There are 2 protein chains.
Amino acid sequence: MLQSNPRPVPLLLSHSPPSNRRSPRPFASSCLVQDQEEPGRAVDPGPQQPPPQPPRRVSTQLNRWSRARAIRSGHRIDWPSLRQKTAGLPPPAPTPSDSSDLPVVPAEAVDEVGDEEDGCEVMEGKAIYMVSDGTGWTAEHSVNAALGQFEHCLVDRGCPVNTHLFSGVEDMGRLMEIIKQAAREGALVLYTLADPAMAESAKHACEHWGVPSADILSPTTEAIATHLGVAPSGIPRGAPGRREAPLSAEYFKRIEAIDFTIKQDDGAKPQNLNHAHIVLVGVSRTGKTPLSIYLAQKGYKVANVPIVMGVDLPKTLFGINQEKIFGLTINPVILQTIRKARAKSLGFNSEMRNNYSEMDHVREELEYANKFFAQNPKWPVIEVTGKAIEETAAVIIRTYHDRKQKCSMPRISKRY
Amino acid sequence: MLQSNPRPVPLLLSHSPPSNRRSPRPFASSCLVQDQEEPGRAVDPGPQQPPPQPPRRVSTQLNRWSRARAIRSGHRIDWPSLRQKTAGLPPPAPTPSDSSDLPVVPAEAVDEVGDEEDGCEVMEGKAIYMVSDGTGWTAEHSVNAALGQFEHCLVDRGCPVNTHLFSGVEDMGRLMEIIKQAAREGALVLYTLADPAMAESAKHACEHWGVPSADILSPTTEAIATHLGVAPSGIPRGAPGRREAPLSAEYFKRIEAIDFTIKQDDGAKPQNLNHAHIVLVGVSRTGKTPLSIYLAQKGYKVANVPIVMGVDLPKTLFGINQEKIFGLTINPVILQTIRKARAKSLGFNSEMRNNYSEMDHVREELEYANKFFAQNPKWPVIEVTGKAIEETAAVIIRTYHDRKQKCSMPRISKRY
């Protein structure tokens, strides 16, 4: 009774063709990466691209691995040959009065400041170090979200930024190495460290060496601690001493959702559509597959069904609960751009390319899809142009829960 | 930025069989959900489960949707019949001195405090409201990570918590409704609001109505703003006025990685193994597929190859760059538990079940896999027992970048 009307879906159209802008280049390493296959390393030969800045320092490669291993294992390392290279650094060791502020920093870690170099060339732009004693995904996610607030200057690399994620930082020695390197590079340090002693040391060491820093998660953790009246455990996620979560029903549900979604990709097994939580319908390259996968990781079983001109939609689609079905549509100009890129990467011949990415065909196929959408008013139709996958996913999940729940304020609830 | 960084949902494996503990019930709605297919809604008829607490308040369903719509559209709503139900709430309207603290809160929104109810039953346990003007994934991710610090009391629902995600909160009226409802429910409000006026109003309204609150992202955003010397835009991700991210090379790379990874699932197309960035090898139910998908969403092309006793590994596996290959192994007792659940859900007959999940077979197959791992010392072998998917992924990505980069300190770098 209260389930028929989805929330009005915000429409977002991109008015500029994509070729007008330079792409940001995430995952581009600050190190000399030799393998050309590195993922996410955008090949961007755009004419506006400024020539790369020469690295400010290039180090020897010698023994880097064993040094890295030694640092990680917590052993003291001596690099006499590198001692001369650290001019201009903040004072290396705490003064006696500082020592009381740094009670848990092992003396050898502090002593080592300036003793070694990182072995990476320093890139142009401001550096942000993300340091975590866990996976680092929280730091990465938060910094990414925060950087979204600076897109006005990041686009076209107006204020170039390099982020560096250091995950699994479990010992004080390694933490101090990273902060010292941040001092050398003039980096901002953003950290999530569950162990209060580690977090405290990070804060003091950053202050001591003049490194700007912030604790990403502490306001949230502190607010929750006060609200629950329970102190945080101080144990990083995944640490050996940590009490582990059970092999929960949730675990199996998620795995099942991913398995299901992969098997239902691209119109496969239409007889199973009734087992899906969400069914996505749209023409090729409206992002059905990545969206399905994203939703599956959140525990939803998703099937996606392509709309192809001249091919009937499976009959089972019209027999299932129609409230599960979501249509996807997209601006034809953008769709053509995406399809051209796709046709190229798949090595289509000219005839296939015409059928797939010529503007007349693209428009015709989108109109063909729109007819289905008009005939099935229960399917919310989401305009995906200009939307990130997670934005479209948020709209779908919100609508999905809106339709199921009886709250006046749409919400997605979980119980712990 | 067209990044779909999913919140790393902990997919945990544990040493305890699932029946020993009550499962948390994520996604279990605080509302009366009728559809039994809701994802992630763990069906847990365990004997230790206490009977559900009776709801403290159940409201009428009447007109809820139109009220919700009116709230969202910003219209003034009058609910005379509900005015009596709000005893015990914080003072409904700001005093004159308070008004100066709430300059941007529309008067009608503040006036309405206590005028309506949410229409959801209030559940046992402490409530945490997550409020976002964007997708809400950052709030969800951060709160989940912070809750990881309270697992010692969350497990077995020692201190039950309910989270409620309100995403796409773009207007002041709706924001105020949510905070008022939080006041009624005694909830903690954790918010990410890009618009400084909205964030300021949230803060003041929470103070005014006695709602504990914290701004999740502001320390990070402020630290970055200071570091870059640039003010944040104040525009939420996905907002219509926002400068849009380009159809970047990164976007295409991610889509391509997901497409590739789906096609290479479960040993398919061994001739393409050389195109993968990462190849996962392990026996059935070591989590190869969900791990592959997780990595694909981060932009890595992943192939996974099952080790099955009596079936040869594809020859191409030994012809590719061996540094791409990662072995997965798992505790046999846990593997048996997972396989039993799997066999049940797939409806295996008893013979198939024996071959798949009997302990002798499980041990034998793991030993068969270990032989391969011993013969191929270049493959790092990761023990996945007790690790969440994102934890295993962190280890793999760290190792992957370690091997490619020449930094002494392993790091994953991106350029913006």
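Per an unreviewed UniProt entry, the recorded name for chain A is Pyruvate, phosphate dikinase regulatory protein, chloroplastic, and the organism is Zingiber officinale.

Nonpolar side chains tend toward joint burial in soluble globular proteins. Of all hydrophobic cores here, the largest spans 71 residues; its most connected members are A:Ile224 and A:Val279. If near-sequence neighbours (up to four positions away) are discounted, A:Val279 is found in contact with A:Leu273, A:Ala303, A:Val305, A:Leu317, A:Ile320, A:Lys324, A:Ile325 and A:Phe326. One finds A:Ala146, A:Leu154, B:Val302 and B:Val384 within the second-largest nonpolar core, a separate group that totals 68 residues.

This next bit is on the sheet that holds strand 8 (residues 381-383) of chain B. Residue and element names in this part refer to chain B. Here 4 strands make up an open sheet; going across it, the order is 6-5-7-8 and the pairing parallel. For this open sheet the edge positions go to strand 6 (302-307) and strand 8, each flanked by a neighbour on one side alone. The mean inter-strand angle of the sheet, taken between neighbouring strand axes irrespective of direction, is 25°. Two strands pair when backbone bridges link them, and strand 5 (residues 278-283) and strand 6 are joined in this way by 6 bridges, in the parallel orientation. By the bridge assignment, Gly 282 is partnered in strand 6 with Pro 306. Across the sheet, helix 15 (residues 389-404) is in contact with strand 5, strand 7 (325-329) and strand 8; its angle to strand 7 comes to roughly 155°.

At 3.6 residues per turn, the α-helix brings residues three or four places apart onto the same side. Of the residues making up helix 8 (residues 218-228) of chain A, those classed as buried are A:Thr220, A:Thr221, A:Ala223, A:Ile224, A:Ala225, A:His227 and A:Leu228. Against the buried residues of helix 8 of chain A lie strand 1 (126-132), helix 4 (137-147), strand 2 (161-166), strand 3 (188-192) and strand 4 (213-215) of chain B.

Our next topic: a negative patch on the surface. Taken together, the side chains of A:Glu358, A:Asp360, A:Glu364 and A:Glu367 make up a negatively charged region of the molecular surface. Here A:Glu367 shows up in helix 14 (residues 359-375).

Another aspect to go through is the pairing of strand 2 (residues 161-166) of chain A. Two faces, one strand: in a regular strand the side chains alternate between the faces of the sheet. Residue and element names in this part refer to chain A. Summarising burial for strand 2: 6 of the 6 residues are buried, a large majority. Neither face of strand 2 is left uncovered, since the one carrying Val 161, Thr 163 and Leu 165 and the one carrying Asn 162, His 164 and Phe 166 both have all their residues buried. Pairing geometry for strand 1 (residues 126-132) and strand 2, over 6 bridges, is parallel. Note that in strand 2 the partner of Val 131 across the bridge is Phe 166.

Time to look at the packing of aromatic side chains. Pairs of aromatic rings are described using the distance from one ring centre to the other and the angle between the two planes. Enumeration according to the criterion identifies 14 aromatic pairs over all chains in this entry. Both rings, one in B:Phe318 and one in B:Trp379, keep their centres 6.0 Å apart while their planes meet at 25°; by these two values the pair is stacked. Highlighted residues: B:Phe318 in helix 11 (residues 316-319) and B:Trp379 in the loop between helix 14 (359-375) and strand 8, separated in sequence by 61 residues. A ring pair is formed by B:Tyr368 and B:Phe372, whose centres lie 5.4 Å apart and whose planes are at 85°; its orientation type is edge-to-face. Of the two residues, B:Tyr368 and B:Phe372 are both situated in helix 14; the distance of 4 residues between them amounts to about one turn of the helix. With relative accessibility at 15%, the residue B:Phe372 sits in the buried group. A connected cluster of aromatic rings, assembled from ring pairs, spans A:Phe318, A:Phe373 and A:Trp379.

What follows deals with the sheet that holds strand 7 (residues 325-329) of chain A. Residues and elements named next belong to chain A. Strand order across the open sheet formed by 4 strands is 6-5-7-8, with parallel pairing between neighbours. A single partner strand is all that each edge strand has here, and the edge strands are strand 6 (302-307) and strand 8 (381-383). Strand-to-strand twist in this sheet, taken as the mean axis angle between neighbours without regard to direction, amounts to 25°. Here strand 5 (residues 278-283) pairs with strand 7 via 3 bridges, running parallel. Considered in strand 7, the bridge of Val 279 is made with Ile 325. Against the sheet, helix 15 (residues 389-404) touches strand 5, strand 7 and strand 8, its axis set at about 150° to strand 7.

Residue and element names in this part refer to chain A. In contact at an axis separation of 10 Å, helix 6 (residues 172-185) and helix 7 (residues 196-208) are set at 30° when each is read in the N-to-C sense. By the angle between their directions, the pair helix 6 and helix 7 is classed as roughly parallel. Our pair here, helix 6 against helix 7, has a crossing hand that is right-handed. Where helix 6 abuts helix 7, its residues Met 172, Leu 175, Met 176 and Ile 179 lie against Ala 197, Met 198, Ser 201, Ala 202, Ala 205 and Cys 206. In terms of residue class, the contact of helix 6 with helix 7 is made up of 9 nonpolar, 1 polar and no charged.

Turning our eyes to something else, we now look at the pairing of strand 9 (residues 412-415) of chain A. In strand 9 of chain A, alternate side chains face the same way, and those of A:Ile412 and A:Lys414 on one face and A:Ser413 and A:Arg415 on the other are all buried. Sheet topology note: the strand 9 of chain A/strand 2 of chain B ladder contains 4 bridges and is antiparallel. Bridging from a neighbouring strand, A:Ile412 pairs with B:Leu165 of strand 2 of chain B.

Analysis parameters
Residues numbered from 1 in each chain as written. Chains lettered and ligands numbered in written order. Predicted model: local features only at pLDDT ≥ 70, side-chain atom pairs only at ≥ 80, totals over all residues. Heavy atoms only, no water. Core = buried A, V, L, I, M, F, W, Y, C linked by side-chain atoms within 4.5 Å. Buried < 20%, exposed > 50% of the residue type's maximum accessible area, 1.4 Å probe, protein only. Contact = heavy atoms within 4.5 Å. Pairing = 2+ DSSP bridges. Helix = DSSP H or I, 4+ residues; strand = E, 2+ residues; numbered from the N terminus. Axes fitted to C-alpha atoms, helices over the stretch in contact; angles between N-to-C directions. Patch = residues over 30% accessible without salt bridge, like charges linked within 9 Å, V, L, I, M, F, W, Y side chains within 5 Å. Areas by Shrake-Rupley, 256 points an atom, 1.4 Å probe, with all protein chains shown as cover. Salt bridge = Lys/Arg side-chain N within 4 Å of Asp/Glu carboxyl O. Lys, Arg positive; Asp, Glu negative; His and termini not counted. Charge placed at Lys NZ, Arg CZ, Asp CG, Glu CD. Phe/Tyr/Trp six-rings, centres within 6.5 Å; stacked < 30°, edge-to-face > 60°. Parallel < 35°, antiparallel > 145°, perpendicular 65-115°, else oblique. Left-handed = near helix turned anticlockwise from the far one by under 90°. Nonpolar A, V, L, I, M, F, W, Y, C, P; charged D, E, K, R; others polar.

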